[in-house]
Amino acid sequence: MARLILFNKPFDVLSQFTDARSPSPRATLSDYIDVPDVYPAGRLDRDSEGLLLLTDDGRLQSRISDPKYKTEKAYLVQVEREPDEAALAALRKGVMLKDGMTRPADVRRIDEPDLWERTPPVRFRKSVPDCWLELTIREGRNRQVRRMTAAVGHPTLRLVRWRIGDWTLAGIANGEWREA
């Protein structure tokens, strides 16, 4: 039977088990997970937080991470300034990035979510307000959500992946994991 681990990846942790090529090793999955023969199903950038799925089943890993399956990934995104309806409409339609048009996203403004403190905290600027969005995509290009929000004029300040398919972070503390 396949193992599936739901991990709440902290900020500044690599989505891999080793950092052998770095002259000064950085935090990796091995600092948090001591389970043999599981591997990440997809990636979550070092400067992003939230749900990372790990499995020992290659088929399941492919089903989760391969864009052809269009697995939904939902993010809580803190952006600079308050996006107007035109910016949200552009995200819903799909935006042009250097590597082509994105698939349409589901997006809505949300109240600030009740999340753990990030270390280090997001830089607060009195002169630039921020806003939280819930954004759901069905593909997974490199740094896609950050590039999409920047393309509509609202750079991402904090990015937390909350859900992949039916799996969520609900009840999993930052830096903790559980088996599905």
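All of these numbers come straight from a predicted model, not from anything done at the bench.

**Re the overall build of the protein**
In terms of regular secondary structure, the protein is built from 3 helices and 11 strands. Helices (α) and strands (β) of the protein occur, in sequence order from the N terminus, as β-β-β-α-β-α-β-β-β-β-α-β-β-β. Taking 2.2 N^0.38 as the reference for a compact globule, 180 residues should give roughly 16 Å; the C-alpha atoms of the protein span a radius of gyration of 16 Å, in line with that estimate. Projected onto its principal axes, the C-alpha coordinates of the protein cover approximately 45 × 35 × 35 Å. Here the protein, with 180 residues, has 45% of them falling under the buried criterion. For the protein, contacts bridging at least 24 residues in sequence account for 72% of all contacts bridging at least 6.

**A word on helix α2 (residues 85–93)**
Owing to its 3.6 residues per turn, the α-helix brings residues three or four apart onto one side. Turning to α2, its buried residues number three or more, namely Ala87, Leu88 and Leu91. Angular distribution of buried residues about the axis of α2 spans 95 degrees; they occupy a single face of the element. Facing away from the buried surface of α2 by more than 90 degrees, the exposed residues are Ala86 and Lys93. Backbone geometry just downstream of α2 places Gly94 in the positive-phi region, at approximately 110 degrees.

**Some points on the nonpolar core**
Ranked by size, the top nonpolar core spans 18 residues in total, and within it Val77, Leu91, Leu135, Ile137, Val145 and Met148 carry the most contacts. Elements with a contribution of two residues or more to this core: β4 (73–80), α2, β8 (130–137) and α3 (144–151). A total of 4 residues in this core trace back to one element, the largest contributor, which is β8. Those residues in contact with Leu135 that lie beyond four places of it in its chain are Lys73, Ala74, Tyr75, Val77, Leu91, Ala105, Asp106, Val107 and Val145. Leu6, Leu51, Leu76 and Val160 belong to the second largest nonpolar core, which has 15 residues in total.

**A short note on the pattern of salt bridges**
Using the criterion set out here, one finds 18 salt bridges in the structure. The partner of Asp45 in a salt bridge is Arg143, and the shortest N-O contact between them spans 3.4 Å. Remark: Arg143 occurs in the loop between β8 and α3 and Asp45 occurs in the loop between β2 (39–40) and β3 (49–55); sequence separation between them is 98 residues. Note that Arg158 is salt-bridged to Glu49, the shortest N-O span being 2.7 Å. On the criterion of sequence distance, the pair formed by Arg158 in strand β9 (residues 156–164) and Glu49 in strand β3 is long-range, its members being 109 residues apart. Judged on exposure class, the residue Arg158 and its partner Glu49 are both buried.

Definitions and limits used
- Each chain carries its own residue numbering, running from 1 in the direction its sequence is written.
- Only residues with pLDDT of 70 or above have their local features reported here, since the model is predicted, and side-chain atom pairs are shown and tallied only from 80 upward, although totals for entire chains, interfaces and linings are computed over all residues.
- To get the side-chain values, all heavy atoms of the structure are used, and hydrogens and water are removed first.
- Helix and strand definitions follow DSSP, with helices as H or I runs of at least four residues and strands as E runs of at least two, each counted in order from the N terminus.
- Radius of gyration means the value over C-alpha atoms here, while the globule rule gives 2.2 Å times the residue count to the 0.38 power.
- Relative accessibility under 20% of the residue-type maximum defines a buried residue, over 50% an exposed one, and the middle range a partly exposed one, all with a 1.4 Å probe and only protein chains included.
- In this description, contact between two residues means that some pair of their heavy atoms is separated by no more than 4.5 Å.
- Arc definition: directions from the helix axis to the C-beta atoms.
- Put simply, buried Ala, Val, Leu, Ile, Met, Phe, Trp, Tyr and Cys residues joined by side-chain atoms within 4.5 Å make one nonpolar core.
- Criterion for a salt bridge: a side-chain nitrogen of Lys or Arg within 4 Å of a carboxyl oxygen of Asp or Glu.

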